[in-house]
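Fold and contact review
This is what each chain is made of:
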Amino acid sequence: MFVDKEKCKQCGACLDECPFDLIVDDKDGYPKLRLAAKKTCIDCGHCVAVCPAGAVTLPEMPVSRGLAPDACLPMLKDLRISSEQADQFLRGRRSVRSYKDKVVPEEVLNHLFRVSRFAPSAKNGQPARWIITRSPLATRRLAGLTVEYMATHSVFPGVVKNWERGFDKILHGAPHVAVAHAPEDGFNPAEDCSLSAAYLELAAHAHGIGACWAGFLMEVAEGCCAIREMLGIPEGHGVYAALMLGYPKYRYKRIPARRDVEIAWLD
């Protein structure tokens with residue numbers, strides 16, 4: 001850990017915020033890394049990000065890629081949103097199942113995935129790996145393979161009948177579907193991929209793109225060799241999230257009510 005002693009205010013923020021207490025004071029009261037950091041640091045960057053003076057640099061280690069203040073995105077005051085704006089944004093998110101016949105530009109999709117990288121993950125493992133269909137044709141092929149599996153195994157007959165009648169209840173005619181997979185032997189792959197998908201969905205909402213969890217595809221993908229082969233899921237990886245993506249055909253004008261939240265307070 002490099003500390004610019006001319007900038008360091010010795011405020012202790014980096015010590016307090018390290019998840020594994022890997023930072024201590026040296027003999028002069030400046031922060032330094034414990035020897036355990038070489039094996040325990042999770043490269044989260046909290047120490048660099050929290051320093052008010054930009055005095056901390058995380059060095060490269062076997063467990064760290066290294067991080068300097070000028071390599072971090074700044075937190076811009078002008079981009080802060082009010083609590084009221086945040087509340088409406090979150091309450092106004094809808095699961096979209098009707099899409100325009102229009103693909104989302106690849107650069108926009110790439111931006112959404114770059115945002116999703118910042119979702120929390122166990123020990124900052126960031127295990128989610130994404131596969132996304134580039135065209136509606138590829139998306140429909142996945143929906144078709146899902147229906148074939150359902151028909152072969154006699155599950156969800158209503159979905160199969162709708163498909164035969166020309167109604168896609170699998171992916172709802174979405175132009176894209178994104179599938180998250182991760183190593184099954186990770187710390188918390190299901191939770192980590194779900195959080196990454198949640199960030200992706202909210203990022204899409206912020207850019208006027210609709211999303212909806214593709215539950216049927218997720219359920220079938222684990223056991224369907226044809227789908228795993230088409231997606232290129234590696235051996236030992238599980239499918240933990242899937243989202244339809246596309247421009248909404250309709251815009252919602254109101255926020256529907258929800259049941260009151262159940263809370264139990266402990267003293």
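Criteria and cut-off values
Residues numbered from 1 in each chain as written. Predicted model: local features only at pLDDT ≥ 70, side-chain atom pairs only at ≥ 80, totals over all residues. Heavy atoms only, no water. Phe/Tyr/Trp six-rings, centres within 6.5 Å; stacked < 30°, edge-to-face > 60°. Helix = DSSP H or I, 4+ residues; strand = E, 2+ residues; numbered from the N terminus. Lys NZ or Arg CZ within 6 Å of the ring centre and 35° of its normal. Buried < 20%, exposed > 50% of the residue type's maximum accessible area, 1.4 Å probe, protein only. Lys, Arg positive; Asp, Glu negative; His and termini not counted. Salt bridge = Lys/Arg side-chain N within 4 Å of Asp/Glu carboxyl O. Polar contact = N/O pair within 3.5 Å; in protein donor to acceptor, adjacent residues only side chain to side chain. Contact = heavy atoms within 4.5 Å.

**Topic: the packing of aromatic side chains**
- Applying the stated criterion to the full structure yields two aromatic pairs.
- Seen from their ring centres, Phe113 and Trp130 are 5.4 Å apart, and the 55 degrees between their planes marks the pair as tilted. With Phe113 in helix α5 (residues 106-116) and Trp130 in strand β5 (residues 129-132), this pair connects stretches of sequence that are 17 residues apart.
- Taking 4.9 Å as the distance between ring centres and 70 degrees as the angle between the ring planes, the aromatic pair formed by Phe156 and Phe216 counts as edge-to-face. One end of the pair, Phe156, is in the loop between α6 (136-152) and α7 (157-164); the other, Phe216, is in helix α9 (residues 215-221), and 60 residues separate them in sequence.
- Here the basic side chain of Arg94 rests over the ring of Tyr252, its NZ or CZ set 5.9 Å away from the ring centre.

**With respect to the side chain of Asp26**
- Examined against the element boundaries, Asp26 turns out to sit in the loop between β2 (23-25) and β3 (31-33).
- Of the side chains with opposite charge, Lys5 comes closest to the buried, unpaired Asp26, at an N-O distance of 4.1 Å.
- A polar side-chain atom of Asp26 sits 2.8 Å from the main-chain amide nitrogen of Asp28.
- Leave out the neighbours within four places in its chain, and Asp26 touches Lys5 and Lys32.

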